[in-house]
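Here's the letter readout for the chains.
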Amino acid sequence: MTVSQSSLLWIVLGCSAFALLFAIWLSRWVLSRSRGNADMQKISDAIQQGAEAYLARQYKTIAVLALVVAILLAVGYGVLRTSIPTDPVSSSTLLALYITLSFLLGALSSGIAGYMGMWISIRANIRVASAATTSLNGALQTALRSGAVSGLFTVAMSLAGVGGLFAVINNFVPPGLAPEIWAQRIPYLIVGYGFGASFVALFAQLGGGIYTKAADVGADLVGKVEAGIPEDDPRNPAVIADLVGDNVGDCAGRGADLFESIAAENIGAMILGVILYGQFGIAGILFPLVIGGLGLLCSIVGVMSVRTREDADPMQALNRGYYITAALVTIVFFFATRWLLNPASAPDAWWHFFLCGLIGIATSIAFVFITQYYTEYRYRPVLGIAEASQTGPATNIIAGLAVGMESTVLPVFTIAIAIIASYHLGKGSGVADAGLFGTAVATMGMLGTAGYILAMDVFGPITDNAGGIVEMSKQPEEIRNITDRLDSVGNTTKALTKGYAIGSAALAAFLLFSAYLDEVRNYRGAPVQVNLAQPEVFVAGLLGAMLVFWFSSLALTAVRKAASSVITEVRRQFRERPGIMLGTESPDYGTAVDIVTVGALKAMIAPGALVVLFPIAVGLVFKRFGVGAEAVAAFLMVGTIAGILMAGFLNNGGGAWDNAKKYIETGAYGGKRSDAHKAAVVGDTVGDPFKDTAGPSLHVLIKLLSTITLVLAPLFI
């Protein structure tokens with residue numbers, strides 16, 4: 001291990017360790033806050049028990065599935081496949097060992113990251129509710145710092161996993177092989193880590209999304225539409241299940257989602273860095289991890305800078321923290337590119353790559369503004385849906401679908417500009433074959449603020465739960481007003497982070513597609529030509545687009561079936577126990593929680609298995625026609641494009657429906673319980689599984705397709 005390589009790994013692992021320790025300190029700070037009164041604690045305890053029970057059952061299911069996949073990987077690499085001279089190691093058994101163990105480590109780490117997101121959220125909600133009894137600023141800081149525990153832990157675990165795996169494997173240099181050659185082979189040995197992370201993230205996000213929206217849809221349709229009771233009313237038997245769903249979907253699921261994003265995209269960028277080893281040396285391979293580690297420190301500063309006045313808009317404080325984080329990441333990029341990407345043969349290269357990083361940062365900011373425009377009720381799209389609600393649910397739904405479709409336009413232009421600009425900046429840097437690496441650096445720029453972004457995301461469900469606890473424990477109206485303000489901001493931050501996730505997935509998709517082509521070239525010894533004029537390759541691309549629609553259909557159907565069971569149960573309790581509506585009898589919350597738990601766990605298996613098995617089937621079937629690697633490349637390329645567009649449509653359309661309802665609830669078009677409001681509730685109910693189940697799950701699908709093809713590329717050649 002060279003001195004520079006050792007120094008870079010120490011920076012990565014040191015920043016990760018510091019962020020983990022800081023996250024532990026933050027969690028202790030959060031847990032030291034007041035837990036409120038006994039009524040608050042009773043509700044919080046019920047949410048905590050339901051969330052922990054669900055996640056325990058879900059992870060047992062995922063663990064069994066992961067072990068099955070690990071066995072298949074071991075058999076496929078170690079038994080069914082014959083070793084070839086271009087393999088990173090000479091023994092097929094040894095290659096199988098590296099791939100399988102890295103897969104299991106990635107799966108385990110992703111599961112831990114998701115669990116931590118849920119663990120802190122179910123303990124923070126009551127503390128935010130209690131803080132709201134004294135001040136808005138206290139509640140805001142408690143919620144954001146709670147979210148930061150999840151954000152810092154997730155990013156740090158991902159970086160420590162990839163960096164630590166690289167450091168460990170680097171010590172096992174095969175006899176007769178130069179250490180610098182071995183270092184270039186390691187990224188191909190740890191691709192299983194990204195696959196394992198993506199595998200767990202898909203099931204965690206999908207299962208959590210099905211749970212949260214089945215409970216939410218069931219609670220809303222019977223409670224708000226049929227019974228005419230407010231949201232989070234303690235008389236609703238599904239209200240605890242709904243609050244549990246916020247944690248297992250938006251916290252645990254999103255934590256696993258961003259964990260795999262960072263892991264997969266870092267490994268993809270490292271593979272592209274191998275191409276430029278002659279120019280940058282080990283710095284080109286480890287640059288993505290260094291940026292991620294320093295970005296963690298920037299996120300910590302951004303989180304700790306957030307505070308607000310009692311009469312101010314909390315969203316302004318959160319935005320200010322984000323801009324501080326982005327500014328610090330910009331400074332980090334300036335010094336990091338000048339230090340690590342500054343070869344003597346191309347003295348102007350560093351500022352080209354610095355500009356690539358700026359493009360990534362600017363792209364993340366652009367996605368935040370685009371998402372705000374399409375999902376906040378200050379702007380035309382959401383106001384148009386609210387106006388359409390005056391003539392009934394049908395026109396509301398038509399308007400929402402139109403907004404969702406329109407919302408794909410600006411993101412595509414933004415992504416197109418970012419990819420083309422960063423590619424040509426890299427290409428013009430004076431470093432040969434650096435165009436693709438320029439896009440990788442842009443992706444790293446977008447991921448530099450990931451710690452703060454995830455903190456904002458987890459902020460949303462925490463404040464949502466806090467509002468539910470305040471409502472159900474019948475606290476004074478002035479306290480509910482504070483939690484309502486935070487809940488409204490939380491809805492915005494959840495929408496913004498989904499927009500950020502789409503943008504990072506889009507940039508990463510090109511990066512990972514390029515990494516796949518580079519890996520195939522490395523194994524085959526010749527470039528891959530993806531010719532869509534070839535029938536088999538065109539059909540494989542068509543199958544990739546079809547998979548996105550099929551998967552989305554299965555996810556939405558799963559929500560419908562589980563929600564139907566919840567609706568039936570809530571109606572039964574209202575019918576058989578009239579004392580519930582009179583307030584003289586408590587509803588049976590546990591039965592609704594059990595119904596959603598069983599329904600979500602059953603429903604997540606089929607779509608998840610489909611995504612894992614389909615690319616394998618495409619590669620093996622078309623391998624018989626002599627175009628296995630090319631067919632998988634077309635499948636990945638077209639499927640990724642369709643997935644990006646579908647995810648944007650679902651996320652933004654669902655968010656717009658949600659805020660159109662909230663706009664009417666402010667008093668517009670008759671306010672609550674008006675005909676326009678009833679129509680908007682129907683639209684919001686349709687949009688819920690769009691934005692919280694199918695849409696977020698597609699983020700993971702896009703990257704899972706990339707990581708699974710990276711891992712299994714040798715089997716398709």
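Look up a bit, the structure's there.
Quick look at the structure, then.

1. Considerations on unusual backbone geometry
Reasoning step 1: With phi around 60°, Asp433 is a residue other than glycine that occupies positive phi space.
Reasoning step 2: With respect to the secondary-structure elements, Asp433 resides in the loop between α14 (409–427) and α15 (435–447).
Reasoning step 3: Of note in the backbone geometry, Lys474 takes a positive phi value of approximately 60° without being a glycine.

2. Focus on the pattern of salt bridges
Reasoning step 1: Tallied over the entire structure, the rule returns 18 salt bridges.
Reasoning step 2: For Asp311, the salt bridge identified is with Arg309, shortest N-O distance 3.3 Å.
Reasoning step 3: The residue Glu569 makes a salt bridge to Arg572 at a minimum N-O spacing of 2.7 Å. A residue pair is termed a helical-turn pair when its members lie 3 or 4 positions apart in one helix, as Glu569 and Arg572 do in helix α18 (residues 535–576) at three residues.
Reasoning step 4: According to the relative accessible area criterion, Glu569 is buried, its value standing at 8%.
Reasoning step 5: Among the residues examined, Arg572 registers a relative accessible area of 26% and is labelled partly exposed.
Reasoning step 6: Ionic contacts of the salt-bridge type, sharing partners, join the residues Asp658, Lys661, Lys662, Asp684, Asp688, Lys691 and Asp692 into one network.

3. Considering the packing of helix α11 (residues 349–375) against α15
Reasoning step 1: Where α11 meets α15, the closest approach of the two axes is 7 Å, and the angle between their N-to-C directions is 45°. Classified by the interaxial angle, the pair formed by α11 and α15 is oblique. Crossing of α11 over α15 shows right-handed handedness. For the pair formed by α11 and α15, the contact residues are Phe353, Cys356, Gly357, Gly360, Ile361, Thr363, Ser364 and Phe367 on the first element and Phe437, Gly438, Val441, Ala442, Gly445 and Met446 on the second.
Reasoning step 2: Counted by class, the contact of α11 with α15 contains eight nonpolar, six polar and no charged residues.

4. Regarding a nonpolar patch on the surface
Reasoning step 1: Taken together, the side chains of Ile71, Val75, Val79 and Leu80 present a nonpolar region at the surface, about 410 Å² in accessible area.
Reasoning step 2: With respect to the helices and strands, Val75 occurs in helix α2 (residues 38–80).
Reasoning step 3: Among the residues examined, Val75 registers a relative accessible area of 36% and is labelled partly exposed.

5. Considerations on the packing of aromatic side chains
Reasoning step 1: Counted by the stated rule, this structure contains 26 aromatic pairs.
Reasoning step 2: Plain terms: the ring middles of Phe22 and Trp25 are 5.5 Å apart, the flat faces sit at 40° to each other, and that makes the pair tilted. One end of the pair is Phe22 and the other is Trp25, both in helix α1 (residues 3–31) and three residues apart, which spans about a single turn.
Reasoning step 3: Measuring from ring centre to ring centre gives 6.1 Å for Phe287 and Phe333, while their planes differ by 70°; the resulting arrangement is edge-to-face. Of the two residues, Phe287 sits in helix α9 (residues 282–304) while Phe333 sits in helix α10 (residues 314–340), which places them 46 residues apart along the sequence. Taken as a pair, Phe287 and Phe333 share a single burial class, namely buried.
Reasoning step 4: An aromatic cluster of three or more residues is present, and its members are Phe103, Phe195, Phe199 and Phe203.
Reasoning step 5: Over the ring of Trp29 we find Arg33; its NZ or CZ atom is 4.2 Å from the centre of that ring.
Reasoning step 6: Cation over ring: Arg145 sits above Trp29, and NZ or CZ is 4.6 Å from the ring centre.

6. A word on empty space enclosed by the protein
One way to see where empty space is left: roll a probe the size of a water molecule over the atoms.
Reasoning step 1: Applying the stated rule across the entire model yields six cavities of 30 Å³ or more.
Reasoning step 2: Of the pockets and cavities examined, the largest cavity occupies roughly 100 Å³.
Reasoning step 3: In terms of lining, the largest cavity is formed by 14 residues, of which the most central are Thr408, Pro411, Ile502, Ile644 and Gly648.
Reasoning step 4: For the lining of the largest cavity, the secondary structure elements donating two or more residues are α11, α14, α17 (477–524) and α21 (628–665).
Reasoning step 5: Tallying contributions element by element places α21 first for the lining of the largest cavity, with four residues.
Reasoning step 6: Of the residues in the lining of the largest cavity, the class split is eight nonpolar, six polar and no charged.

Cut-off values and rules
- One numbering rule holds for all chains: residues counted from 1, following each sequence as written.
- Whole-chain, interface and lining totals are the exception, using all residues; otherwise, since this is a predicted model, local features are given only for residues with pLDDT of at least 70 and side-chain atom pairs are given and counted only at 80 or more.
- Neither water nor hydrogens contribute to the side-chain values; these are computed over all heavy atoms in the structure.
- By definition, any uninterrupted DSSP run of H or I lasting at least four residues is a helix, any uninterrupted run of E lasting at least two residues is a strand, and each is numbered from the N terminus.
- Throughout this description, the term salt bridge denotes a Lys or Arg side-chain nitrogen within 4 Å of a carboxyl oxygen of Asp or Glu.
- Buried means the residue's accessible area, taken with a 1.4 Å probe over protein chains only, is under 20% of the maximum for its type, while exposed means over 50%, and partly exposed covers the values in between.
- Axis definition: a line fitted to C-alpha atoms, over the contacting stretch in the case of helices. Angles run 0 to 180 degrees between N-to-C directions.
- An angle counts as roughly parallel when it lies under 35 degrees, as roughly antiparallel when it exceeds 145, as roughly perpendicular when it falls between 65 and 115, and as oblique in every other case.
- For any helix crossing, the convention is left-handed if the near helix is rotated counterclockwise from the far helix by under a right angle, and right-handed if that rotation is clockwise.
- Contact definition: two residues touch when any of their heavy atoms are within 4.5 Å.
- Basically, the charged four are Asp, Glu, Lys and Arg, the nonpolar ten are Ala, Val, Leu, Ile, Met, Phe, Trp, Tyr, Cys and Pro, and anything else, Gly included, counts as polar.
- Two joining distances apply to patches: 9 Å for like charges and 5 Å for nonpolar side chains (Val, Leu, Ile, Met, Phe, Trp, Tyr), and every residue must have over 30% relative accessible area and no salt bridge.
- The Shrake-Rupley method, run with a 1.4 Å probe, gives the accessible areas here. Residue values count only the displayed protein chains as cover.
- Pairing of aromatic side chains requires ring centres within 6.5 Å, counting the rings of Phe and Tyr and the six-membered ring of Trp. Pairs whose planes differ by under 30 degrees are stacked, by over 60 edge-to-face, and all others tilted.
- For a lysine, the NZ atom is tested; for an arginine, the CZ atom; a charge sits over a ring if that atom is within 6 Å of the ring centre and within 35 degrees of the ring normal.
- The pocket and cavity definitions rest on a 1 Å grid over protein atoms only: a 1.4 Å probe that fits but cannot leave marks a cavity, an open set with protein on both sides within 12 Å along at least five of seven lines marks a pocket, and residues lining either have an atom within 4 Å of a point.
- Grid points are joined across faces, edges and corners, and a volume is the space filled by probe spheres set on the points.

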